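# Notes for the structure review
The lines below spell out each chain.
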Amino acid sequence: MSEHLGDELSRLRRLTDLTQEELAEKSGVSVDVIRKLEQKRKGSARLPTLHALAGGLGVELTTLLGDPPGVPSTGESDPPQLVAVRRAVHPLMFAPPQESDGAEVLTPSLLRAEIADAWSMYHSAEFPQLLNLLPGILADARLTASQGSDGGQAALGKAFQLAGHLSIRLGELDLALAALERAIAAAEASEDPLLVPMICNSLAWAYQRSNRLDDAKSIALYAADGLERDGLTADASGLRVWGGLTMSAATSYARMDEYDDADRMMRAAEEAAGRLAKMPPTEGDGRLLSVFSKSSVRIERVRLAVQYDRPEEALRLAKGMRLNKDTPPSWRTWLLLDVARAHTDVGNTDGAVKALESLRRVAPTWMRHHTLAVAIVRDLLLLPHHPPGLRKLADFLGIAK
């Protein structure tokens, strides 16, 4: 397992019997960039450059990126990929200007597509690859914003928001909050009126993970009220952002043991999702907006029922659910995990294992990143009778006998 992109690039280049000059010609990437990557004088590269290199090598992008070491939770030093993300969020005060990679000229439209692709990687739990890509994406966004390009500040805000989300998933809450603060600053300097409320939703999630539930609820409600006050919920884009904030506030209410308020807000979100389904589709790339639809509302209602110790209600809500085609893999994963938890809570061990087996088939990477999956399997292992398939799940998650 390589610890640096340059190691993998060098290995794959030699396997394909290419010199650095030949790879440069086949990929369209400058030989100087290839040399710096292999000599570890350059930590990463832009997504179009990496696609070009992968094409020149004849491999998939994921093969080139490889898998970095797992993020330690023991207080040991951060792995190189996480260090690179920290440096991208907290750059040197007098950092040298970004050099061209030689693959494609950076344009605002290319940057937006790059960021949207990165969000897709996040929702597909391609965290190792995203760790490698994120420093380059942040550098691109900084450069575009500094040049005063149209949409540059908005792109920078979405890039920092992505850094915040990934940091939360990796348990790096200090880094997440720092990235989200920078995202808010960029959003306020942009011309997108929906961007600050979207990032407020991310902040609410970070506060929830820090057990700052009242802060999480307050910021979500404040941002949602602002959207209504400014008349921004009349179209699909604004309603999606409002819906995401409302679901976030409901989650905080539920975790504060105020289930009636949480249920009221989720029903309001469900009604809004019904209105959204009748509206013209959102303009632009929907991957850069909040996740909100009939499916996401139902998934969140299942989650709240599980968290509030109402497993029968959760299973009733989940039964026969049809997911929207644009429901991200991450949300499908949460649903299967909550169904497994609900089956466990009602004593249906076979149902729990079947839900976890489905999760392993459709989203094995997500499953490994969710502590809830490990917790469910550990609970099932404590039972005197183990359902078929449980041992294989435990082995897959690395749970010792």
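These figures come from a predicted structure and were not determined experimentally. (Residues numbered from 1 in each chain as written. Predicted model: local features only at pLDDT ≥ 70, side-chain atom pairs only at ≥ 80, totals over all residues. Heavy atoms only, no water.)

### Points about the overall build of the chain
For clarity, the threshold we go by: Every helix listed is a DSSP run of H or I at least four residues long, and every strand listed is a run of E at least two residues long, numbered separately from the N terminus. The contact criterion used is simple: two residues touch if any of their non-hydrogen atoms lie within 4.5 Å. Computed by Shrake-Rupley with a 1.4 Å probe, the accessible areas treat only the displayed protein chains as cover when residues are assessed.
The helix and strand tally for the chain stands at 21 helices and 0 strands. Long-range pairs, those at least 24 residues apart, make up 67% of the contacts in the chain with a sequence separation of at least 6. If you sum the accessible surface of the chain, you get close to 18700 Å²; carbon and sulfur atoms cover 50% of it.

### Some remarks on the environment of G164
Here G164 shows up in helix α9 (residues 152–169). Between the alpha carbons of G164 and A183 there is a distance of 8.5 Å; along the sequence they are 19 residues apart. Residues contacting G164, with those up to four places away along its chain left out, are A176, A179 and L180.

### Details of empty space enclosed by the protein
Applicable threshold: Each cavity reported here is a set of points on a 1 Å grid over the protein atoms alone in which a 1.4 Å probe fits but cannot get out, each pocket an open set with protein on both sides within 12 Å along at least five of seven lines, and each lining residue one with an atom within 4 Å of a point. Grid points are joined across faces, edges and corners, and a volume is the space filled by probe spheres set on the points.
If you walk through the whole model with that rule in mind, you get 2 cavities of 30 Å³ or more. The space that makes up the largest cavity amounts to roughly 50 Å³. Along the walls of the largest cavity sit Y259, D263, M266, R301, L304, E313 and L317, which together make up its complete lining. The set of elements that each furnish at least two residues to the lining of the largest cavity consists of α14 (259–277), α15 (294–307) and α16 (311–318). It is α14 that provides the largest number of residues to the lining of the largest cavity, a total of 3 residues.

### A closer look at the packing of helix α11 (residues 195–209) against helix α13 (residues 236–255)
Where we set the bar: Axes here refer to lines fitted to C-alpha atoms; in helices the fit is confined to the stretch in contact. Angles between the N-to-C directions go from 0 to 180 degrees. Should an angle fall under 35 degrees it is taken as roughly parallel, and over 145 as roughly antiparallel, whereas 65 to 115 is taken as roughly perpendicular and any remaining angle as oblique. In this scheme, a crossing is called left-handed if the near helix is turned counterclockwise away from the far one by less than a right angle; it is called right-handed if the turn is clockwise. Amino acids are sorted into nonpolar (Ala, Val, Leu, Ile, Met, Phe, Trp, Tyr, Cys and Pro), charged (Asp, Glu, Lys and Arg) and polar (every other residue, Gly among them).
Contact pair α11 / α13: the axes reach a minimum separation of 9 Å and the direction vectors enclose 20°. As judged from the angle between their axes, α11 and α13 are roughly parallel. Of the two possible hands of crossing, α11 and α13 adopt the one that is left-handed. Packed against α11, whose contacting residues are P197, M198, C200, N201, A204 and Q208, the element α13 presents V241, G244, L245, S248, T251, S252 and R255 at the interface. Looking at the contact of α11 with α13 residue by residue, the class counts come to 6 nonpolar, 6 polar and 1 charged.

### Some words on α14
To be explicit about the condition: In a helix, the anticipated span is given by 1.5 Å times the number of residues less one. Only protein chains enter the area calculation, which uses a 1.4 Å probe; residues under 20% of their type maximum are buried, those over 50% are exposed, and those in between are partly exposed.
With 19 residues, α14 should reach 27 Å at 1.5 Å per residue; the first-to-last C-alpha distance of 27 Å fits that figure. Those residues of α14 not exposed but buried are Y259, A262, D263, M265, M266, A269, A272, A273, G274 and L276. As for α14, its buried residues are in contact with α12 (213–229), α13, α15 and α16.

### Points about the side chain of R240
By the element assignment, R240 lies in helix α13. On the basis of relative accessibility, which here comes to 12%, the residue R240 falls in the buried class. Discounting chain neighbours no more than four positions away, the residues touching R240 are L276, T282, G286, L289, S290, V291 and F292.

### Considering the pattern of salt bridges
What counts here: Any carboxyl oxygen of Asp or Glu within 4 Å of a side-chain nitrogen of Lys or Arg constitutes a salt bridge here.
As enumerated under the stated definition, the model contains 20 salt bridges in all. With a closest N to O distance of 2.9 Å, D263 and R267 form a salt bridge. Note that D263 and R267 are positioned in helix α14 at a spacing of 4 residues, about one turn of the helix. Residue classification places R267 among the partly exposed residues on the basis of a relative accessible area of 47%. Note that D263 is salt-bridged to R301, the shortest N-O span being 4.0 Å. Note that D263 is positioned in helix α14 and R301 in helix α15, a separation of 38 residues in sequence. Taking relative accessible area as the criterion, R301 reaches 9% and is therefore assigned buried.

### So, α9
Taking 1.5 Å of rise per residue, 18 residues should cover 26 Å, and α9 covers 26 Å from first to last C-alpha, within 8% of that figure. Counting buried residues in α9 gives 17 out of 18 residues, a clear majority hidden from the surface. Directly after α9, the chain includes G171, whose backbone phi takes a positive value near 80°.

### A closer look at unusual backbone geometry
Even without a glycine there, the phi angle at D17 is positive, about 60°. Given a relative accessible area of 67%, D17 falls into the exposed group. At D257, a residue that is not glycine, the phi angle is positive and equals roughly 65°. With respect to the helices and strands, the residue D257 is situated in the loop between α13 and α14. Looking at D257, the relative accessible area reads 56%, which means it is exposed.

### Regarding the confidence of the model for the chain
Condition: The pLDDT score gives, residue by residue, the confidence of the prediction method on a 0 to 100 scale.
Taken residue by residue, the chain gives an average pLDDT of 85. The fraction at 70 or more is 89%. Confidence drops under pLDDT 50 across residues 67–75; counting only partners more than four residues distant or on other chains, this segment forms 20 contacts.

### Side note on the nonpolar core
Heads up, the condition is: The criterion is simple. A nonpolar core is a set of buried Ala, Val, Leu, Ile, Met, Phe, Trp, Tyr and Cys residues joined through side-chain atoms within 4.5 Å.
Among the nonpolar cores identified, the biggest contains 129 residues, and L53, L64, V89, L356 and V377 are the most heavily contacted of them. Not counting residues up to four positions away in its chain, the partners in contact with L64 are L5, E8, L9, L12, L50, L53, A54, L57 and V59.

### Quick look at the environment of L288
Counting through the fold element by element, L288 comes out in the loop between α14 and α15. On the basis of relative accessible area, L288 is assigned to the buried category, the value being 17%. A sequence separation of 126 residues divides L288 from L162, and the C-alpha atoms of the two residues are 10.0 Å apart. Setting aside residues no more than four positions away along its own chain, L288 makes contact with R112, I115, A116, W119, K158 and M198.

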